[in-house]
Amino acid sequence: MARNPERRTLLADAGLRVLAAGGARGLTHRAVDAEAGVPTGTASNYFPSRAALLAGLAERIFDRMAPDPAVVADLGRREPSLALVTDYLRYIVERTTREPDLTRALFELRLEASRRPELRQALGAVLRKGYADDVAFHVAAGLPGGAFEVALLHYAVDGLLLDLLTTSVDAGFDVDQVVSALVSRLVGATTG
């Protein structure tokens, strides 16, 4: 197996672009090679099977979607409050819509995981760890609500992102207004 981590990252990033643009059906080793501008067969050297390619993309996407530690540290200097939860959620929506193809690729991975047990297991483990980390962060930061409210916010934001980045119901509401309402209704209702 090839061992060049920079090349592997280049291929995974190209794979995410292919996945976002063409869906799971368009994701082939050849398409990844072409998108990355590397010789045919390169992606197969790093990801020898379709399952390995999908797993590599699942691994890479969460590296790319990680929050900026400086932004998190800056927010973390504030007093815990509903306003702070709202600003954390605003930051999540801002950073996941800044690179819409990356979030679309995550949706594609989740859909593909529903059909592929090996990807379901790998991606599911990463998603569950992310949720557990979010709950631990929320509790450690002293933010209002707990595990249930964090789950509600995950469900709500996933739906909001799906609507923002795919065919929308186009209800005409301002995204910032929606984020504020999600926090006040899903978290605020439990703290009063």
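Everything numeric in this text was worked out from a predicted model, so none of it was measured. (Residues numbered from 1 in each chain as written. Predicted model: local features only at pLDDT ≥ 70, side-chain atom pairs only at ≥ 80, totals over all residues. Heavy atoms only, no water.)

Colleague: Looking at this model, I keep getting lost on the overall build of the chain. Mind explaining?
Modeller: Of regular secondary structure, the chain possesses 11 helices and zero strands. Moving toward the C terminus, one meets the helices and strands of the chain in the order α-α-α-α-α-α-α-α-α-α-α. Over its C-alpha atoms, taken along the principal directions, the chain stretches across nearly 60 × 35 × 30 Å. Burial statistics for the chain: of 192 residues in total, 36% are counted as buried. Sequence-distant contacts, at least 24 apart, represent 67% of the contacts inside the chain between residues at least 6 apart. (Helix = DSSP H or I, 4+ residues; strand = E, 2+ residues; numbered from the N terminus. Buried < 20%, exposed > 50% of the residue type's maximum accessible area, 1.4 Å probe, protein only. Contact = heavy atoms within 4.5 Å.)

Colleague: Whenever I open this one, unusual backbone geometry confuses me. Can you help?
Modeller: Of all residues except glycine, most have a negative phi; of all peptide bonds, most are trans. We note that Asp170 has phi near 50°; this positive angle belongs to a residue other than glycine. With respect to the secondary-structure elements, Asp170 resides in the loop between helix H9 (147-165) and helix H10 (175-186).

Colleague: In this structure, what is going on with the environment of Val169? I would like to understand it.
Modeller: Structurally, Val169 is set in the loop between H9 and H10. Along the primary structure Val169 and Asp13 are separated by 156 residues, whereas in three dimensions their C-alpha atoms are 30 Å apart.

Colleague: What's the story with the nonpolar core in this structure? I'm lost.
Modeller: Where a protein is soluble and globular, its nonpolar side chains tend to be buried together. Of all hydrophobic cores here, the largest spans 28 residues; its most connected members are Leu11, Leu27, Leu57, Ile61 and Leu109. Those elements giving two or more residues to this core turn out to be helix H1 (5-26), helix H2 (29-36), helix H3 (42-46), helix H4 (50-64), helix H7 (100-113) and helix H8 (117-140). Per element, the largest residue contribution to this core is eight residues, and it comes from H1. Discounting chain neighbours no more than four positions away, the residues touching Leu11 are Val32, Asp33, Ala36, Val38, Thr42, Ala43, Tyr46 and Phe47. One finds Leu143, Leu160, Val179 and Leu182 within the second-largest nonpolar core, a separate group that totals 18 residues. (Core = buried A, V, L, I, M, F, W, Y, C linked by side-chain atoms within 4.5 Å.)

Colleague: Mind showing me how you'd approach the environment of Val179 here?
Modeller: If you trace the backbone, Val179 turns up in helix H10. Assessed through its relative accessible area of 1%, Val179 is described here as buried. Residues Val179 and Ala156, spaced 23 residues apart in sequence, show a C-alpha to C-alpha distance of 9.2 Å. Contacts of Val179, omitting those with residues within four sequence positions, involve Thr86, Leu89, Arg90, Val93 and Leu160.

Colleague: What exactly am I supposed to notice about H4 here?
Modeller: Since the α-helix turns once every 3.6 residues, residues separated by three or four places project in the same direction. Given a rise of 1.5 Å per residue, 15 residues ought to cover 21 Å, and the 21 Å separating the end C-alpha atoms of H4 matches this to within 8%. Along H4, the positions that sit buried rather than exposed are Leu53, Leu54, Gly56, Leu57, Ala58, Arg60 and Ile61. Elements that come into contact with the buried residues of H4 comprise H1, H2, H7 and H8. (Expected span 1.5 Å × (residues − 1).)

Colleague: What is the right way to read the pattern of salt bridges from this model?
Modeller: When the charged atoms of two side chains with opposite charge come close together, those side chains can pair. Inspection of the entire model under this criterion finds 15 salt bridges. Close ionic contact of Asp13 with Arg60 constitutes a salt bridge, the shortest N to O distance being 2.7 Å. Of the two residues, Asp13 sits in helix H1 while Arg60 sits in helix H4, which places them 47 residues apart along the sequence. Salt-bridge contacts for Asp133 lead to Lys129; the nearest nitrogen and oxygen are separated by 2.7 Å. Linking Asp133 with Lys129, this pair stays in helix H8, spanning four residues, or about one helical turn. A relative accessible area of 51% places Lys129 in the exposed class. Overlapping salt bridges, with partners in common, bring together Asp13, Arg60, Arg64 and Glu99 in one network. (Salt bridge = Lys/Arg side-chain N within 4 Å of Asp/Glu carboxyl O.)

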